[in-house]
Amino acid sequence: GEKAYIKADKNSLVHRLGDSPELNLIVPELPPEFQDPFVYLSAVIRGHLVVNDTDLSSLPLNMTVMEILEAAKLSSRSGKIISLKSVRSQPSKR
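Before going into details, it helps to say that this report is about the structure given with it. (Residues numbered from 1 in each chain as written. Predicted model: local features only at pLDDT ≥ 70, side-chain atom pairs only at ≥ 80, totals over all residues. Heavy atoms only, no water.)

Take the overall build of the protein chain next. From N to C terminus, the protein chain includes 4 helices and 3 strands. In the protein chain, the order of α-helices and β-strands from amino to carboxyl end is β-β-β-α-α-α-α. The C-alpha atoms of the protein chain give a radius of gyration of 19 Å, which is well past the 12 Å a tight globule of 94 residues would have. When its C-alpha atoms are laid out on the principal axes, the protein chain stretches across 50 × 45 × 20 Å. Going through the 94 residues of the protein chain one by one, you find that 10% of them count as buried. Residue pairs at least 24 apart in sequence account for 0% of intrachain contacts in the protein chain once pairs closer than 6 positions are excluded. Summed over its atoms, the accessible surface of the protein chain is roughly 8,200 Å², and 61% of this surface lies on carbon and sulfur atoms. The distance from the centre of the 12 positive side-chain charges to the centre of the 11 negative ones in the protein chain is 12 Å. (Helix = DSSP H or I, 4+ residues; strand = E, 2+ residues; numbered from the N terminus. Rg over C-alpha atoms; globule rule 2.2 N^0.38 Å. Buried < 20%, exposed > 50% of the residue type's maximum accessible area, 1.4 Å probe, protein only. Contact = heavy atoms within 4.5 Å. Areas by Shrake-Rupley, 256 points an atom, 1.4 Å probe, with all protein chains shown as cover. Lys, Arg positive; Asp, Glu negative; His and termini not counted. Charge placed at Lys NZ, Arg CZ, Asp CG, Glu CD.)

This is how it looks when you write it as structure tokens:
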């Protein structure tokens, strides 16, 4: 952006805010069970890992993300502000 940016990949994170110098952070490697989604799923199913409601892969968090995306689609189509309450009350269109 004009005033700040963040660039990230699997191994590093680079960011700058305003006139401050660029910061480079090395991201530690994920444990093996988090590197492959199928290994992760297997570990959860077998009870080796517990998924908390605040984890990025949790159902409650992903349901909220889907509600936000649905509200964005509805807002884009209608040109109006869409509240999450109205998205939650609508039946799923599959």
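Resuming the write-up.
Once that is clear, we can look at the sheet that holds strand 2 (residues 12–17). The strand order across the open sheet built from 3 strands is 1-2-3, with neighbouring strands paired in antiparallel fashion. With one partner strand each, in any of the chains shown, strand 1 (4–8) and strand 3 (23–26) form the two edges of the open sheet. Taken over all neighbouring pairs, the strand axes of this sheet differ in orientation by 10° on average, direction set aside. In this sheet, strand 3 lies alongside strand 2 in antiparallel orientation, the contact comprising 4 bridges. By the bridge assignment for strand 3, His15 is matched with Leu23. (Pairing = 2+ DSSP bridges. Axes fitted to C-alpha atoms, helices over the stretch in contact; angles between N-to-C directions.)

Another aspect to go through is helix 3 (residues 59–78). Across its 20 residues, helix 3 extends 28 Å between first and last C-alpha, which sits within 8% of the 28 Å expected from 1.5 Å per residue. Within the sequence span of helix 3, burial applies to Glu67, Ala71 and Leu74. Axial view of helix 3: buried residues confined to an arc of 65°, hence all on one face. Set apart from the buried face of helix 3 by more than 90 degrees, the exposed residues are Met66, Ser76 and Arg77. Tucked inside the fold, the buried residues of helix 3 contact helix 4 (84–89). (Expected span 1.5 Å × (residues − 1). Arc of directions from axis to C-beta.)

You can read the cap of helix 2 (residues 37–45) off the contacts: a side-chain oxygen lies 2.7 Å from the backbone nitrogen of Phe38, and it is on Asp36. The positive-phi residue at the C-terminal boundary of helix 2 is Gly47, with phi of around 85°. (Polar contact = N/O pair within 3.5 Å; in protein donor to acceptor, adjacent residues only side chain to side chain.)

Here we take up the pairing of strand 2. The side chains of a regular strand alternate, residue by residue, between the two faces of the sheet. The pairing of strand 1 with strand 2 spans 5 bridges and is antiparallel. Its bridge partner lying in strand 2, Lys7 is registered against Val14. The antiparallel hairpin formed by strand 1 and strand 2 contains 3 residues in its connecting segment. Linking two consecutive strands that pair antiparallel, namely strand 2 and strand 3, is a turn of 5 residues; a positive phi of about 60° is found at Gly18 within it.

Read these as geometric descriptors, not functional statements.
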